[in-house]
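# Geometric and topological summary
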Amino acid sequence: MRLKYILNEVLVGLWRNVTMTVAMIITMSVSLAMLGASVLLFLQVDQMKNYYYGEIEVSVFLKSDITDTQRQAIDSAIAQSPLVKSRSYETKEQAFNRFKELWQDSPDFVKSIGPNSLPESFRVKLKNPEQYKAFAGQIQGLQGIDQIIDQRTLLDKVFKIFNAIQVFALVVAGVMALAALLLVGNTIQVAAYSKRREVAVMKLVGASNWFIQSPFVLEAVVAGLIGAIIGFVALFLFKIVLLDHRLQALTSILTPIHNSNVWLMFPLLAGVGAVVSAITAWVTLRFYLKV
């Protein structure tokens, strides 16, 4: 009987303040969707770091007037280094062909570069990319080397941008979450005020604090769960519609986001939405009803 009464009061409370309930659900869904997106971005950046750092190469560019003897000496020094995992040699023709493939959508730019404009190079993969300075020190003084470039320094700049986007998403999610909490508290306070006489009567007849507070708390939990479901659906649709179709070309740069990672967001969003809404409602009632 008590459970039936509490559930009925929850439904009545949600419908009684329907406009505020809708506003609370929408704000909650947006903030939870942003939270899910920021968590997905965090997982994705870590996945990209593991992938790209595993593919890092050190590019040893050679001078245009290098001799065969100098080239062989550089090749021998790289091969004998205990820091090297693998190496490959790229001629000017191979570098130009790779350049044409990379910039095939810009034919005018390709025409401005000649076959002999790009330097020949050795592409070296280290056993530990962190040992770049030690490897560079081993071959730096050899004649015929023009420049040594560590791809890790370029990737670090890219990942700094991703980390900044990550922080921005978390900040936006935090602001939206604060707005959602204020709406939850305000909605519960209005609901409690509209039922202040019933609450007073229940307190006079000896109703427990839990019995008085539970309809309001469950009302907030239901709104939080609905917001979590809407936020998750929006997040999943964003992944399917944009990342998997319209922005599919980005998969050549970004590692793909697996559906399993997106599904992991549902219990996270549902848990956060329900728990945060329940705590906010309980705290609001403690101050407002003083039960």
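Residues numbered from 1 in each chain as written. Predicted model: local features only at pLDDT ≥ 70, side-chain atom pairs only at ≥ 80, totals over all residues. Heavy atoms only, no water.

### Overview of the overall build of the protein chain
Regarding its fold elements, the protein chain presents 10 helices and 4 strands. Starting at the N terminus and ending at the C terminus, the protein chain contains elements arranged as α-α-β-α-β-α-α-β-α-β-α-α-α-α. Taking all 291 residues of the protein chain together, 37% fall into the buried category. Once local pairs closer than 6 in sequence are excluded, the contacts in the protein chain between residues at least 24 apart make up 86%. Approximately 17000 Å² of the protein chain is accessible, and the part contributed by carbon and sulfur atoms is 65%. (Helix = DSSP H or I, 4+ residues; strand = E, 2+ residues; numbered from the N terminus. Buried < 20%, exposed > 50% of the residue type's maximum accessible area, 1.4 Å probe, protein only. Contact = heavy atoms within 4.5 Å. Areas by Shrake-Rupley, 256 points an atom, 1.4 Å probe, with all protein chains shown as cover.)

### Side note on empty space enclosed by the protein
Per the stated rule, a full pass over the model turns up 1 cavity of 30 Å³ or more. Lining of the largest cavity is provided by Ile56, Glu57, Val58, Val124, Lys125, Leu126, Pro129 and Asp150. Sort the elements by how many residues they give to the lining of the largest cavity and strand E3 (residues 121-126) lands first, with 3 residues. Class assignment of the residues belonging to the lining of the largest cavity gives a composition of 5 nonpolar, no polar and 3 charged. (1 Å grid on protein atoms, 1.4 Å probe; cavity = no way out; pocket = protein on both sides within 12 Å on 5 of 7 lines; lining within 4 Å. Points joined across faces, edges and corners; volume = space filled by probe spheres on them. Nonpolar A, V, L, I, M, F, W, Y, C, P; charged D, E, K, R; others polar.)

### Examining the pattern of salt bridges
Within this structure, the stated rule accounts for 4 salt bridges. Where Arg123 meets Glu90, a salt bridge forms, and the shortest distance between an N and an O atom there is 3.2 Å. Placement of Arg123 in strand E3 and of Glu90 in strand E2 (residues 84-90) is noted, with a sequence separation of 33 residues between them. The exposure class assigned to Arg123 is buried, which follows from its relative accessible area of 13%. Residue classification places Glu90 among the buried positions, given a relative accessible area of 10%. Connected through salt bridges with shared partners, the residues Asp68, Arg71 and Glu120 form a single ionic network. (Salt bridge = Lys/Arg side-chain N within 4 Å of Asp/Glu carboxyl O.)

### Re the packing of aromatic side chains
Taken as a whole and judged by the stated rule, the model has 5 aromatic pairs. Ring geometry for Tyr89 against Phe122: centres 5.1 Å apart, planes inclined by 50°, an arrangement best described as tilted. Note that Tyr89 is positioned in strand E2 and Phe122 in strand E3, a separation of 33 residues in sequence. Classification of Tyr89 by relative accessible area gives partly exposed; the value is 33%. (Phe/Tyr/Trp six-rings, centres within 6.5 Å; stacked < 30°, edge-to-face > 60°.)

### Here's the deal with the sheet that holds E3
Taken in spatial order, the 4 strands make up an open sheet running E2-E3-E1-E4, and their pairing is antiparallel. The sheet is open, and its two borders are formed by E2 and strand E4 (145-150), each paired with just one other strand. With direction set aside, neighbouring strand axes in the sheet form an average angle of 20°. Pairing between strand E1 (residues 58-62) and E4: 5 bridges, direction antiparallel. When the bridges of E4 are listed, Val58 appears paired with Asp150. Across the sheet, helix H6 (residues 132-139) lies against E1, E2, E3 and E4, angled at about 175° from E4, the strand it touches most. (Pairing = 2+ DSSP bridges. Axes fitted to C-alpha atoms, helices over the stretch in contact; angles between N-to-C directions.)

### Describing H6
For an α-helix, 3.6 residues make a turn, and residues three or four places apart therefore share a direction. Those residues of H6 that sit buried are Tyr132, Phe135, Ala136 and Ile139. What you see down the axis of H6 is that its buried residues fit within an arc of 100°, all on one side. Turned more than 90 degrees off the buried face of H6, the exposed positions are Lys133 and Gly137. In the core, the buried residues of H6 are packed alongside E1, helix H3 (68-80), E2, E3 and E4. (Arc of directions from axis to C-beta.)

### Side note on the side chain of Arg123
A distance of 3.2 Å separates a polar atom in the side chain of Arg123 from a polar atom in the side chain of Glu90. A polar side-chain atom of Arg123 sits 3.1 Å from a polar atom in the side chain of Ser121. When residues no more than four places from it in sequence are discounted, the contact partners of Arg123 are Glu57, Val58, Ser59, Phe61, Ser86, Arg87, Ser88, Glu90, Arg98 and Gln151. (Polar contact = N/O pair within 3.5 Å; in protein donor to acceptor, adjacent residues only side chain to side chain.)

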